[in-house]
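As a plain string of letters, each chain reads:
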Amino acid sequence: MSRYPIPRPTEHAAIRAVCRSARPALNIPAILADLITAQRLGDQHGMNLCGHLVARAALKEVGE
C-alpha cells in the first residue's frame, strides 16, 4: 500500500545537493574533436551538444 502524497524534493534542496558534489573537469580538446566529427557527419544535434559543452567548460559557470 502506498502513501499519498509522495514526498518530492524541492528545487532548493535539489540545487543544494548539486552544489555539494564536484563536477569533473571537461576535456576541451576531446569535445572539439567530437564537434568536428559531428560536423563532418552532419549531426546537428551532436554539434549543438558539443558546442554547449565547450561554452560551459570555457565559462566555468552556468548562467541564463
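This is a predicted model, so every value here is computed, not measured.

## Notes on the overall build of the protein
Consideration 1: Per the secondary structure count, the protein includes three helices and zero strands.
Consideration 2: Each helix and strand of the protein, placed in order from N terminus to C terminus, yields the pattern α-α-α.
Consideration 3: Burial statistics for the protein: of 64 residues in total, 9% are counted as buried.
Consideration 4: Of the accessible surface of the protein, which amounts to about 6,100 Å², a share of 61% is contributed by carbon and sulfur atoms.

## Topic: the environment of Ala25
Consideration 1: On the secondary structure map, Ala25 appears in the loop between helix H1 (11-20) and helix H2 (28-41).
Consideration 2: Residue Ala25 is classed as exposed on the basis of its relative accessible area, which comes to 75%.
Consideration 3: For the pair Ala25 and Ala57, spaced 32 residues apart in sequence, the C-alpha separation works out to 7.7 Å.

## Thoughts on the environment of Ile31
Consideration 1: Note on placement: Ile31 falls in helix H2.
Consideration 2: Distance in space between the C-alpha atoms of Ile31 and Leu49 is 9.5 Å, their sequence separation being 18 residues.
Consideration 3: Every residue in contact with Ile31, bar those within four places of it in the chain, is listed here: Leu26, Cys50, Leu53 and Val54.

## Topic: the packing of H2 against helix H3 (residues 44-59)
Consideration 1: Between H2 and H3, the least distance of the axes is 8 Å, while the angle of their chain directions is 160 degrees. As summarised for this structure, H2 and H3 are arranged roughly antiparallel, according to the angle between their axes. Where H2 crosses over H3, the handedness of that crossing is left-handed. Two secondary-structure elements touch here, H2 through Ile28, Ile31, Leu32, Asp34, Leu35, Ala38 and Gln39 and H3 through Gly46, Met47, Cys50, Gly51, Leu53, Val54 and Ala57.
Consideration 2: Within the contact of H2 with H3, the residues separate by chemical class into 10 nonpolar, three polar and one charged.

What counts as what
Residue numbers here run from 1 along each chain, matching the order of that chain's written sequence. pLDDT decides what is reported in this predicted model: residues at 70 or higher carry local features, side-chain atom pairs at 80 or more are listed and counted, and totals for whole chains, interfaces and linings draw on all residues regardless. Each side-chain value is worked out from all heavy atoms of the structure, with water and hydrogens disregarded. Only DSSP runs of H or I reaching four residues or more are called helices, and only runs of E reaching two or more are called strands; each is numbered from the N terminus. Each residue's exposure class comes from its accessible area (1.4 Å probe, protein chains only) as a fraction of the maximum for that residue type: buried when under 20%, exposed when over 50%, partly exposed otherwise. Accessibility throughout is a Shrake-Rupley quantity obtained with a 1.4 Å probe, and a residue counts as covered only by protein chains that appear here. Any two residues whose heavy atoms approach within 4.5 Å at even a single point are treated as in contact. Here an angle of 0 to 180 degrees is reported between the N-to-C directions of two axes, which are lines fitted to C-alpha atoms, with helices fitted over the stretch in contact. Throughout, the term roughly parallel applies to angles under 35 degrees, roughly antiparallel to angles over 145, roughly perpendicular to angles from 65 to 115, and oblique to all others. Definitions for this section: a left-handed crossing has its near helix turned counterclockwise from the far helix by less than a right angle. A right-handed crossing has that turn clockwise. Here the term charged refers only to Asp, Glu, Lys and Arg, the term nonpolar to Ala, Val, Leu, Ile, Met, Phe, Trp, Tyr, Cys and Pro, and the term polar to all other amino acids, Gly among them.

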